[in-house]
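# Coordinate analysis (summary)
These are the residues of each chain, in order.
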Amino acid sequence: VIEMSKSGSISQVLEATAWITGEYAAYVEHPKETVEALLQPGILKLPCAVQAMYVQAILKVFVHVGSNLLVSPEAEGEAEELEEDQEDKMTDEEKTAVVTELAQLILTHIGQYANSPDPEVVERACQLKAVVRQCVPQEEEGEEMSVNAEDLRRLFASLGAI
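Below is a short write-up of the structure. Keep in mind that this is a model prediction, so the values were computed, not measured.

Glancing now at the pattern of salt bridges. Counted by the stated rule, this structure contains 3 salt bridges. A salt bridge links E23 to K60; the shortest N-O distance between them is 2.3 Å. With a gap of 37 residues between them, E23 in helix α2 (residues 9–23) and K60 in helix α4 (residues 48–70) connect regions that are remote in the sequence. The class of K60 is buried, set by a relative accessible area of 18%.

Quick look at the nonpolar core now. One finds F62, I106, Y113 and F156 to be the most contacted residues of the largest nonpolar core, which totals 41 residues. At the level of elements, α2, α3 (31–38), α4, α7 (92–109), α8 (119–133) and α9 (149–159) are the ones that each hand at least two residues to this core. The dominant element in this core, judged by the number of residues it contributes, is α4, at 14 residues. Residues within four places of F156 in sequence aside, it is in contact with F62, V63, G66, S67, L70, V71, V99 and C135.

Next up on the list: α7. Under the 1.5 Å per step criterion, the end-to-end length of α7 is 26 Å for 18 residues, consistent within 8% with the ideal 26 Å. Along α7, the positions that sit buried rather than exposed are K95, T96, V99, T100, L102, A103, L105 and I106.

An α-helical turn contains 3.6 residues, so any two residues separated by three or four positions project in the same direction. For α8, which comprises 15 residues, the first-to-last C-alpha distance of 21 Å matches the rise-based estimate of 21 Å (1.5 Å per residue) to within 8%. Listing the buried residues of α8 in full gives V121, R124, A125, L128, V131 and V132. Projected down its long axis, α8 carries its buried residues within an arc of 125°, all on one side.

Contact pair α7 / α8: the axes reach a minimum separation of 9 Å and the direction vectors enclose 145°. The way α7 lies across α8 gives a crossing that is left-handed. Contacts between α7 and α8 pair A103, I106 and L107 from the former with L128, K129, V132 and R133 from the latter. Partitioning the contact of α7 with α8 into residue classes produces 5 nonpolar, no polar and 2 charged.

Here R124 is to be found in helix α8. A distance of 2.6 Å separates polar atoms of two side chains, one belonging to R124 and the other to E120. Dropping the residues within four chain positions of it, R124 is found in contact with A52, M53, V55 and Q56.

Moving on to the packing of α2 against α4. How two helices pack is summed up by the angle between their axes together with the distance between the axes. Taken N-terminus to C-terminus, the directions of α2 and α4 make an angle of 15°; their axes are 8 Å apart at the nearest point. Regarding the angle of α2 to α4, the classification is roughly parallel. For the pair α2 and α4, the crossing hand works out as left-handed. Contact with α2, carried on its side by S11, L14, E15, A18, W19, T21, G22 and E23, involves A49, V50, M53, Y54, A57, K60 and V61 of α4 and no other residues of that element. When the residues that make up the contact of α2 with α4 are grouped by side-chain class, the tally is 9 nonpolar, 3 polar and 3 charged.

The rules we used
Residues numbered from 1 in each chain as written. Predicted model: local features only at pLDDT ≥ 70, side-chain atom pairs only at ≥ 80, totals over all residues. Heavy atoms only, no water. Salt bridge = Lys/Arg side-chain N within 4 Å of Asp/Glu carboxyl O. Helix = DSSP H or I, 4+ residues; strand = E, 2+ residues; numbered from the N terminus. Buried < 20%, exposed > 50% of the residue type's maximum accessible area, 1.4 Å probe, protein only. Core = buried A, V, L, I, M, F, W, Y, C linked by side-chain atoms within 4.5 Å. Contact = heavy atoms within 4.5 Å. Expected span 1.5 Å × (residues − 1). Arc of directions from axis to C-beta. Axes fitted to C-alpha atoms, helices over the stretch in contact; angles between N-to-C directions. Left-handed = near helix turned anticlockwise from the far one by under 90°. Nonpolar A, V, L, I, M, F, W, Y, C, P; charged D, E, K, R; others polar. Polar contact = N/O pair within 3.5 Å; in protein donor to acceptor, adjacent residues only side chain to side chain. Parallel < 35°, antiparallel > 145°, perpendicular 65-115°, else oblique.

Next up, the structure:
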């Protein structure tokens, strides 16, 4: 794929695929696997425009997952009944754990974009990192702080418009 991307057509397909993934994040059935695929190191060999679109798609999938799990359907104004039934069975702690796990996955791999020659890729990666850091327990003076579900709810309610 990397060799073929030099011709442009494969790069354009990958860029369009990433755009579709981000724009239609509500239809992503396996968000963790999708984010893992978008974070593959081989993506750094693709043109910078494709990399930027991948980072944007990661952000949109992440925000959708967090909003879908933590923001009430009434506040967002949309949710499918099947999704509501599955989410209602999860506790706040389980929902927070899902978001935190996805956040940690992103933080583990997003640093690879920091050395990109393209400022747009670096900017998007830094913005993603800043948002995702809000969802990971922080250490304060030697003790680990937990992530509060209500704090995450407020964060994703404000990010829901992305």
